[in-house]
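Take a look at the letters that make up each chain.
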Amino acid sequence: MSTLPPGAPAFKPFNLAVIQLGQIGADKRANLNHARDMIRRAASGEGVGGAKHGKPDLIVLPECFNSPYGHVHFPVYAETIEFKQGEKYNVEASKSESVKVLSEAAKAEGVWLLGGSIPEKDPSDGNVYNTSTVYSPQGELVAVHRKVHLFDIDIPGKIKFKESETLTGGSTVNYFDTEFARVGLGICYDVRFPELSMISARQGCHVLIYPGAFNLTTGPLHWELLVRARAVDNQVYFSMCSPARDLTAGYHAWGHSLVVDPMGSKLVEAEDGETILHARIDPKTFNDARAGIPVTVQRRFDVYPDVSKGS
Ligand SMILES: NC(=O)CCC(=O)C(=O)O
């Protein structure tokens, strides 16, 4: 039974590596160098599950991996990318040093790379975005996702954070196609909005991957719950990749990067320190979930609208 739209690539087994990156400090060049080194280590199979699964096909970095996380930092660290959907991107001519490092890493290691997120300034509107970039094993920049839902929360006595002080939210739903799967994109707070992952799943994504950085208040309550819920809602694989926790930093990340399968089972999870996780993404679990619990073909669009069809 096919529940996917035509055009999505066939879903094949692949290996995913998630880098829960540490040592993210004020020195951008040092952050990039460390990320580059960890990509090399992930590609060589270092980390939890690496010996079992072998070389990863796709490697993921966390949210805001090249800069400290905080609204005062975003404009200072922002880089210009100027990616245009559907047009070939010239990495050599890019003004973004992070794009160059990530492109080189993907090409040298021969892997797909979801480069976490970085602060991005768009010269056409002067806005700063929280942006993910994705690279093919040839080093091409193939997709960009600007965080749609900005992290503006205020839990008295616990945490107040306002990304919208300096960031603007993106306005598109994005995915990229590989030779093994269609992968949907989002960033951290985006996971709280079920519509985004629902639209990605209905667009044929087999796997959703969101770099993210929850905190010590909402992390223990909601991080795993949201990832497992979105995986089960949509019967997709779902992974979130956090920075490692650094109690000397201005923002304390929850960590606990994880990979969940379409039945909601956790395949692998980190603690709070720097870690590389490896997981095998197997279409059989995806197909079995959809065949056994066929919610993808039982929807009642006569009762409620299909959000993936737009308003
Ligand atoms: N970086 C973020 O978007 C954090 C989101 C978060 O912590 C939450 O509770 O949601």
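Residues numbered from 1 in each chain as written. Predicted model: local features only at pLDDT ≥ 70, side-chain atom pairs only at ≥ 80, totals over all residues. Heavy atoms only, no water.

1. Here we look at the side chain of Thr275
Note the threshold: Helix and strand definitions follow DSSP, with helices as H or I runs of at least four residues and strands as E runs of at least two, each counted in order from the N terminus. Throughout, exposure labels follow a simple rule: accessible area from a 1.4 Å probe, protein chains only, divided by the maximum for the residue type, with under 20% read as buried, over 50% as exposed, and the rest as partly exposed. Contact criterion: two residues are considered in contact whenever any of their non-hydrogen atoms come within 4.5 Å of each other.
One can find Thr275 in strand S15 (residues 275-281). For Thr275, a relative accessible area of 16% translates into the label buried. With sequence-adjacent residues up to four places away left out, Thr275 is seen in contact with Val18, Ile19, Gln20, Val48 and Ala270.

2. Notes on the packing of aromatic side chains
Short version of the rule: For this analysis, a ring pair means two rings from Phe, Tyr or Trp (six-membered ring only for Trp) whose centres lie within 6.5 Å, classed as stacked if their planes differ by under 30 degrees, edge-to-face if by over 60, and tilted for the remaining angles.
All chains considered together, the criterion is met by 15 aromatic pairs. Seen in terms of ring centroids, Phe161 and Tyr251 are 5.4 Å apart; in terms of plane orientation they differ by 75°. Their pairing is edge-to-face. A residue pair is termed long-range when its members are at least 10 positions apart, and Phe161 in strand S8 (residues 159-162) and Tyr251 in the loop between strand S12 (237-241) and strand S13 (258-260) qualify at 90 residues. Both rings, one in Phe301 and one in Tyr304, keep their centres 6.0 Å apart while their planes meet at 85°; by these two values the pair is edge-to-face. The partly exposed category is assigned to Tyr304, whose relative accessible area is 38%.

3. Digging into unusual backbone geometry
Note: most peptide bonds trans; most residues except glycine with negative phi. Within the chain, Gln23 stands out as a residue other than glycine whose phi angle is a positive 60°. Although it is not a glycine, Cys64 adopts a positive phi angle of roughly 50°. As for its position among the elements, Cys64 is in the loop between strand S2 (58-60) and helix H3 (74-77).

On their own, these measurements won't tell you what the molecule is for.
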